[in-house]
Structure formats: C-alpha cells, structure tokens
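# A closer look at the structure
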Amino acid sequence: MDVRNMDVTSYGPSVHRLRVLFATSELFPLAKTGGLGDVCAALPVALAALGVDIRAILPGYVSALDTARGKRTLSRLPSGGTLLLARTPDTGLPVYLLDWPELFRRPGGPYQDQDKRDWPDNLRRFAAFSAAAAALAEQGDTAGWRPELVHANDWHTGLLPAFLALRHGPRSPSLFTIHNLVFQGNFPLDAARALSLPEALLTPDGAEFYGRFSCLKAGLRYADRLTTVSPTYAREILTPAFGAGMEGLLRARAADLTGILNGIDTDIWNPAADPALPVPFDADHLAGKRAAKAALRRELGLDPTADGPLVVGVNRLTEQKMADVVLAALPALLDMGAQVVLHGEGDPGLEAAFRAAAIGRADQLAVRIGYQETLAHRLNAAADLALTPSRFEPCGLTTMYAMRYGALPVTRKVGGLADTVTDIDSTQTGGRPGTGFTFDDPTAAALADCLRRAGSRFRDPIAWRRAQRAAMGRDFSWEGSARRYLALYDDMVVSADAPRSPEPAFLEAAE
Ligand code: ADP
Ligand code: GLC
C-alpha cells in the first residue's frame, strides 16, 4: 500500500480529515528493533487508508536519514536540531525527522551502542525528541500543518503527553499506547532535574517512580487516553504479576484504558506473494510450503529424510520470550524426533548456550544467531511448528506471522497470544477448529508436554490440515483494529476540552 496512491477524493472534497501526529522511536524500514517498528509502520498507513491525515515523527537516526525519501528541511528548532519532512520509501507515509546530529547520528541502534550498552544520555535524547514533537503539536510546522490529536508510543515518547498536559491553554488531546510495560525509561531524578524538566514532573503525582524518574509513568499519568496492544494484556497489566509496578496508576486510569489488538502487514507477510520464497503458496495450495521446507533443510544441512515436524523459533533470545525455558526443553524436543531451527539474538549468555547446544547435532538442530528479515520469512514458510512462548506478551506479532505461513504456534496462553491462538484440543472454540498448541505454566516441563502433544497431532494429517487451514485463514489484517483506533480518535477529539482548531481543514491539494 502506498498512501500517495490512495483515492483520498473518495472521502469527499469537503470532508474533514482528522490531522494526527504519530510519535515513535521506531518505524520500519527507517528504524526497527522489534515489533514496535512494524506496528508503527503499518498502523499509520492503515489509518491513512481510512482517511486520516496522519504524519509520523521519528528521531533522525543515521538509518532513518539514509532510508527516508524526499527529505526537505522545514525549520531549525530554537531548542536545537532541525526538523525535516520526508516519506517512507515503500508506503509514502509522511515522516518528520528530528535531525540533531549530537543526539541521534551515531553508530549503533536507537537505544544502544554497538556493544549493546544503553546510550548514557537516553533521557536527554528522548526528552529532546518529545519536546520537539510537543512544539510541532502546539505550533504546527512552517508549512502550516498542525495536528488535532497526538498519538505517542512507549516510554521514548512518554514525556510528550506530559509536555502537552502541563501547558496552559488549549491543546491537542493525546493518546499513549503501551507496547511493552517492562521498558520504562527510568533514570535518576537528578538527571531529570539537570534537564530543567517541569517541577510537577519530579513529584510522585508526576513521573517520580520509586525514587527514580520514569518516562513511561509520564505517559501513563498525563495522556488523555491509554491503549495497549491486546485486550488480554489490557486486563493483565492491572495486576501486580504483569503491571511492572505501574498497576496502581493503571488501575486508577482503567476507565481510560482499552486493548486494541495489533494487526500485521498482510502485504509484507503474504506467502502467496513473498519474494523471499522459492514457490508461493496459500491455504489451498501447499506445494510451495513443502518446497520451502525441503530447500531450508538443504540450506541448513538438516537430514532431508526425517519424518518428524520441523520446529522453528524466530524470536528475541530474552527472558520475556522464555528463551531460557526453550533451552531447557531442547533435549525433549530433539528426543521426540523433531528438527529444530532457532534464529534470533538477545541475551549473550543464551546466544552462547544455544550455539553450544547445536554442536554435534547438525542434522537435527541449526542455530543462527542474529536477525535477517528474509530468513525469518523462509523459516515461517518451511516450519510445521513455530515456538513462540512468552512469560508475558503485550501482543506478539511473530505468532501471527507464523500462522499466516501455516506454521502452527506452540505458545503460552498469555497476553496477546491468548487473543490470537486457540488450542486445537480446546473445547471452547465454539466449534471452530483451533490454530495451535497452548500451555499455561512457564516451565520446561509444560513446554515439553505441549510439544509432545503437537508432535503426536503432526502424525494425524487430516487434523493437521484442518488446523493449518484455520490458522492461515484467520484475519490478522490491520483494517478492523485501525477502525477501532479511529473511533477512539474521534471520541477523543469530540470530548477534548480544547476547542477544535479554528482553521478550516479541508482536503489538502495533492503534493
Ligand atoms: P517483540 O516486539 O516483543 O520482539 P513481536 O513478536 O511483537 O515481539 O515482534 C517481533 C518482531 O521482531 C518482528 O517484527 C520480528 O520480525 C522481529 N524479530 C524476531 N526475532 C528477532 C530478533 N532476534 N532480533 C530482532 N528482531 C526480531
Ligand atoms: C512489543 C511487545 C510485543 C508487541 C509489539 C508491538 O515489542 O513485546 O508483544 O507485539 O510491541 O506492539
């Protein structure tokens, strides 16, 4: 989808198009470390398709400056940095970039240096980014575009709703989306004081959090509305087990909190038209899936004649993704005759342990540390089962990608995973076939039991085929979820204290 080719006239030349500023620290392909980058690329495009006049704002990392198209300079900001306006290469989404070389033009990732150490000035970097976004929301850009609503995402933009709320006078309403509550952006209070942040923020009623300063808490406290990325996680985070210390504040704000399930980009993750695959396939034509499995086994040196399931794990190797438990369950998995391919990066100790586990098992176990987007596509296409368990999971895109490629997930009934996977043996599916295998306890024993159950189902081709068809047929597209966001935006604008902006906001002339 390309927002430039959308038929915006179908929304009517005099129809008001809501102007939204979408602030994020990741947006694929300009910057991505995980699911946040995928969601922040796809959701604004889905909203644009519904007629929203939406623009993103992203820090001007080297990768973003290199990848964005048609950059033009708008203004130098008094606080520092320069505001550019560009577009994403594939979808043509308008994106403001905050080009501030001292803060963002560095080798390494958005949050960490090349040795995976957090940048020591992350508070300053993301406070400056949030302040620039707030200034854009308040004053508009030099070409006259000013948002009526601001949508911020995760801790990196948590200060944005706070800056807007602490301002006197009319302002745009703000929405804050929680993609992951355990990443909180907590820093010493003195570091916040040194940046001369508003005094109100440094108190317990502001963003003080157990003696520290929390950017996430600022977002949760000051945004007009809150969302998170699945209905189950929205309920879970009100409890101490999942609230990461924020459950009290979240309970106080429960009436403003909704769970809206993420979608996936069904153009990028489409086995019927995936350039990474040797032969395309769909739910009714699975020869391409068999070809993908054979090609992958050849490529990785796995025994081409083995008759057990091919199990893949494409995930960050972290505690959240239960990588330690997967490691502990590996012997059981190999004993049941499965072939296993693990692809991911994360905790260095776990990376080393997985590499060591593969030594001497080359015909049955392949470990590829790192992350390559095309390999992830080929692995999902080749797989019979996808290992995607989590201790907690706000949504879990990986599991939806797997299902779309006919790889049945083996996963835990938690967060967004509970909302997207139904167990094949569950009696609560209302007669609809299940789409995967789920377990409850976050232990190696429970995972191994679930894998053995999946292994025995694999020997029943009729049941397997039914589940595969159900998994591939699930609608994970963004449209329904984007409509829910739009209804929320509309509600926020109508109920905002601030009057609607006085200037007429008719359809812009095509650029
Ligand atoms: P999370 O964002 O918590 O990692 P999701 O399942 O929602 O979980 O999204 C995972 C995203 O990260 C997907 O876009 C996937 O393509 C990508 N991904 C998967 N494994 C890795 C990895 N090891 N390193 C970087 N990205 C990965
Ligand atoms: C976070 C969560 C993941 C979610 C993603 C996008 O990275 O861990 O569950 O899918 O954000 O919202």
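Definitions and cut-offs
- Every residue gets a number counted from 1 within its own chain, in the order that chain's sequence is written.
- Both sets of labels track the order of writing: A upward for chains, 1 upward for ligands.
- Given that the model is predicted, a residue must reach a pLDDT of at least 70 before its local features are reported, and side-chain atom pairs must reach 80 or more before they are shown or counted; all residues, however, enter totals for whole chains, interfaces and linings.
- Computation of side-chain values covers all heavy atoms of the structure but excludes hydrogens and water.
- Being near a molecule or strand, for a residue, comes down to having at least one heavy atom within 4 Å of it.
- In protein, a polar contact means a hydrogen-donor-capable atom and an acceptor-capable atom, both N or O and within 3.5 Å, with residues adjacent in sequence counting only if both atoms are side-chain atoms; elsewhere, any N or O pair within 3.5 Å suffices.
- Residue burial considers only the protein chains on display, and all accessible areas are found by Shrake-Rupley using a 1.4 Å probe.
- Runs of E in the DSSP output that reach at least two residues are strands. Runs of H or I that reach at least four are helices, and both are numbered from the N terminus.
- Only protein chains enter the area calculation, which uses a 1.4 Å probe; residues under 20% of their type maximum are buried, those over 50% are exposed, and those in between are partly exposed.
- Pairing between strands is defined by DSSP: at least two bridges between them are needed.
- Call a crossover right-handed when, viewed with both strands pointing away from you, the route from the first strand across the helix to the second goes clockwise.
- A cavity, in this analysis, means grid points on a 1 Å lattice covering only the protein atoms where a 1.4 Å probe fits yet has no way out; a pocket is instead an open set bounded by protein on both sides within 12 Å along at least five of seven lines, and a residue lines either one if it has an atom within 4 Å of a point.
- Grid points are joined across faces, edges and corners, and a volume is the space filled by probe spheres set on the points.
- Under the scheme applied here, ten amino acids are nonpolar (Ala, Val, Leu, Ile, Met, Phe, Trp, Tyr, Cys and Pro), four are charged (Asp, Glu, Lys and Arg), and all others, including Gly, are polar.
- Two residues form a contact once any of their heavy atoms are found within 4.5 Å.
- All axes here are fitted lines through C-alpha atoms, helices being fitted over the stretch that makes contact, and every angle between N-to-C directions spans 0 to 180 degrees.
- For every domain, the bounds stem from an assignment made automatically or drawn from a database.
- Buried area is understood as the total, over both parts, of accessible area removed when two parts are fitted together, assessed with a 1.4 Å probe.
- Should a side-chain nitrogen of Lys or Arg be within 4 Å of a carboxyl oxygen of Asp or Glu, the pair is scored as a salt bridge.

The next thing to look at is the site of ligand 1. Looking at ligand 1, there are 18 residues lining it, with K32, G35, D38, R316 and Y371 nearest. Between ligand 1 and N315, the relevant distance is 3.4 Å, taken from a nitrogen atom to a main-chain nitrogen or oxygen of the residue. At a separation of 2.3 Å, an oxygen atom of ligand 1 approaches a polar side-chain atom of Y371. In isolation ligand 1 has 550 Å² of accessible area, and contact with the protein removes 92% of it. Put simply, the parts of the chain that give the shell around ligand 1 at least two residues each are α1 (35-49) and α15 (397-404). With three residues, the top contributor of residues to the shell around ligand 1 is α15.

Within a regular strand, side chains alternate between the sheet's two faces. With five of five residues buried, strand β7 (residues 174-178) lies mostly within the body of the structure. Judged by which residues are buried, β7 turns out to be covered on both faces: S174, F176 and I178 on one side and L175 and T177 on the other are all buried. Pairing geometry for strand β6 (residues 149-153) and β7, over four bridges, is parallel. Of the residues in β7, the one forming a bridge with N153 is T177. Between the parallel pair β6 and β7, the chain is carried across by helix α5 (residues 159-165), and the sense of this crossover is right-handed.

With that settled, consider empty space enclosed by the protein. All chains considered together, the criterion is met by one cavity of 30 Å³ or more. Put simply, the parts of the chain that give the lining of the largest cavity at least two residues each are β13 (310-314), α12 (323-335) and β14 (339-344). For the lining of the largest cavity, a count of residues per class yields eight nonpolar, four polar and two charged.

Of the pairings in the sheet, the one linking β14 to strand β15 (residues 365-369) comprises five bridges and is parallel in character. Considered in β15, the bridge of V341 is made with A366. In this region the chain leaves β14, passes through helix α13 (residues 348-358) and returns to the parallel neighbour β15; the handedness of that crossover is right-handed.

Before going further, it helps to examine the sheet that holds strand β10 (residues 212-214). The strand order across the open sheet formed by three strands is β8-β10-β9, and the pairing between neighbours is antiparallel. The sheet is open, and its two borders are formed by β8 (186-188) and β9 (208-209), each paired with just one other strand. Bridge analysis of β8 against β10 gives three bridges, and the strand direction is antiparallel. Considered in β10, the bridge of N186 is made with S214. Sitting on the sheet, helix α7 (residues 215-222) is in contact with β8, β9 and β10, with an inclination near 55° to β10.

With that settled, the discussion passes to the domain arrangement of the protein. Note on interface size: it is often stated as the accessible area lost on association of the parts. Along its sequence, the protein is organised into domain 1 (16-263 + 479-510) and domain 2 (287-473). A separation of 33 Å is found between the C-alpha centroids of domain 1 and domain 2. Taken together, the 21 residues of domain 1 in the interface contact 20 residues of domain 2. Both faces considered, domain 1 and domain 2 share a buried interface measuring about 1400 Å² in area, 60% of it formed by carbon and sulfur atoms. The largest contributions to the domain 1 side of the interface with domain 2 come from K116, T232 and L261, which together make up 25% of the buried area. Summed over the shared surface of domain 1 and domain 2, the number is two salt bridges. Note that E373 is salt-bridged to K32, the shortest N-O span being 3.2 Å. The interface formed by domain 1 and domain 2 contains seven residue pairs in polar contact (both at pLDDT 80 or more). For the side of domain 1 that touches domain 2, the secondary structure elements donating two or more residues are α1 and α8 (231-236). Looking at the side of domain 1 that touches domain 2, the element that brings in the most residues is α8, giving four residues. Its residues assigned to classes, the side of domain 1 that touches domain 2 comprises nine nonpolar, eight polar and four charged.

Moving on, we come to the layout of surface pockets. As a volume, the second largest pocket reaches approximately 510 Å³. Lining of the second largest pocket is provided by 29 residues; of these, M1, A42, V45, D265 and W478 occupy positions nearest its centre. Among the elements of the structure, α1 and α15 are those that each provide at least two residues to the lining of the second largest pocket. Here the lining of the second largest pocket takes seven residues from α1, the largest share from any one element. Within the lining of the second largest pocket, the residues separate by chemical class into 18 nonpolar, five polar and six charged. Mapped onto the domain boundaries, the lining of the second largest pocket takes at least three residues apiece from domain 1 (16-263 + 479-510) and domain 2 (287-473).

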